[in-house]
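Remarks on the overall topology
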Amino acid sequence: MNSLLIGELSPEQPSFEPTKNKELIDEFRELRSTVERMGLMKANHVFFLLNLLHILLLDVAAWLTLWVFGTSLVPFLLCAVLLSTVQAQAGWLQHDFGHLSVFSTSTWNHLLHHFVIGHLKGAPASWWNHMHFQHHAKPNCFGKDPDINMHPFFFALGKILSVELGKQKRKYMPYNHQHKYFFLIGPPALLPLYFQWYIFYFVIQRKKWVDLAWMITFYARLFLTYGPFLGLKGVLGLFFVVRFLESHWFVWVTQMNHIPMHIDHDRNMDWVSIQLRATCNVHKSAFNDWFSGHLNFQIEHHLFPTMPRHNYHKVAPLVQSLCAKHGIEYQSKPLLSAFADIVYSLKESGQLWLDAYLHQ
């Protein structure tokens, strides 16, 4: 850290910036200590082993579907649904390893991260780290969170940024209709038409050859196991159907916790306040936990990013108490309401853009 040292404050200078909530920060640090004493930062390895096994079993079931029932339309689609489930669930599991929340040593977390994201999903760990760590540092901060880079070229996001865009007379898309075209360029397209190609550009441009080797093992396994059934064109067709289905799953789950929340420029707020303003939860249930990889506890995940996900529900009451004490809204909603809020927030911000665009 020496290279970042600017200087030392003199004793009479304030040591805390006025834009930051010192009391909230101090109490959160106490909460963090309490959580560590409760053992909530320690992972249950059996939980993650069973999670990995259920992914591998679904992967085998997808292959057996074609082997037993043939390659007609119904078995083909069933195989695609099973493989999409594998990809989505492997996405949540690689997220655990990427956050170093499974093993006490980073070495094992990194190794399993490479295996799950590289071999089971065909994506580079370095790309995920590069994008995701920025997101956690400044969630929903325009220019610093890559997850909202679709503003302004595809969508107008958040009330403040949308009005700003309208006042500047900037129009890259018909934003007042974005809640409609979201269904065309959002869930269906993100993975098959963007991520799928960008990840190869990323690893080659940055010379991430280890990641590329892991990715090649995924594609080699895919063609070796499904090629004898489907041929080259059939495997490619299956692959893009799987990515298309997975993309819907991924987009709805990952956007439901952030897009409806506060989106703005970086206002230099304290870290805890930034996390709480940018996140909301979806109610706990066995299905919601499984379907979202426990990212329905997005608030707890952002406050404790290295916490094993099976402990989020245990710390949630403590976080709720902290929020209530400081007058911060703690949002939790049903799953379908969370999905609907994505569309509603896009409609609202699109209308705000149009009003500012027409009346300034």
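See the structure shown above.
Below you will find a few notes about this structure. (Residues numbered from 1 in each chain as written. Predicted model: local features only at pLDDT ≥ 70, side-chain atom pairs only at ≥ 80, totals over all residues. Heavy atoms only, no water.)

1. Points about the environment of Arg243
This is how the line gets drawn: Secondary structure elements follow DSSP: runs of H or I of four or more residues count as helices, runs of E of two or more count as strands, with numbering from the N terminus. Note on definitions: a residue-residue contact is assigned when non-hydrogen atoms from the two residues lie within 4.5 Å. Polar contact is defined as a pair of N or O atoms within 3.5 Å, subject to the rule that within protein one atom must be able to donate a hydrogen and the other to accept it, and that residues adjacent in sequence are counted only when both atoms are side-chain atoms.
The residue Arg243 is located in helix α9 (residues 209–255) in this model. Taking the C-alpha atoms as reference points, Arg243 and Thr306, 63 residues apart in sequence, are found 28 Å from one another. Residue contacts for Arg243: discarding those within four places in its chain leaves Gln87, Lys121, Leu191, Pro192, Gln196 and Phe218. A distance of 2.9 Å separates the side chain of Arg243 from the side chain of Gln196, its partner in a polar contact.

2. Description of the packing of helix α6 (residues 159–167) against helix α14 (residues 335–359)
Put simply, the test is: Fitting a line to C-alpha atoms yields each axis, with helices limited to the stretch in contact; the angle taken between N-to-C directions then spans 0 to 180 degrees. If an angle is under 35 degrees, it is roughly parallel; if it is over 145, roughly antiparallel; if it lies from 65 to 115, roughly perpendicular; otherwise it is oblique. With the far helix as reference, a near helix turned anticlockwise by less than a right angle produces a left-handed crossing, and one turned clockwise produces a right-handed crossing. In this classification, the charged set is Asp, Glu, Lys and Arg, the nonpolar set is Ala, Val, Leu, Ile, Met, Phe, Trp, Tyr, Cys and Pro, and all remaining amino acids, among them Gly, are polar.
The interhelical angle for the contact between α6 and α14, taken along N-to-C directions, is 30°, at an axis separation of 7 Å. Judged by the inter-axis angle, α6 sits roughly parallel to α14. Crossing of α6 over α14 shows right-handed handedness. Contact with α6, carried on its side by Lys159, Ser162, Val163, Leu165, Gly166 and Lys167, involves Glu348, Ser349, Leu352, Trp353, Ala356 and Tyr357 of α14 and no other residues of that element. Its residues placed into classes, the contact of α6 with α14 shows six nonpolar, three polar and three charged.

3. Focus: the side chain of His135
Put simply, the test is: Three exposure classes are used, based on accessible area relative to the maximum for each residue type with a 1.4 Å probe and protein chains only: buried under 20%, partly exposed in between, and exposed over 50%.
Within the secondary structure, His135 is located in helix α5 (residues 125–137). When its relative accessible area of 2% is taken as the criterion, His135 is described as buried. Of the polar contacts made by the side chain of His135, one reaches the side chain of His258; its length is 3.4 Å. Apart from the residues within four sequence positions on either side, His135 is in contact with Asp145, Pro146, Asp147, His258 and His302.

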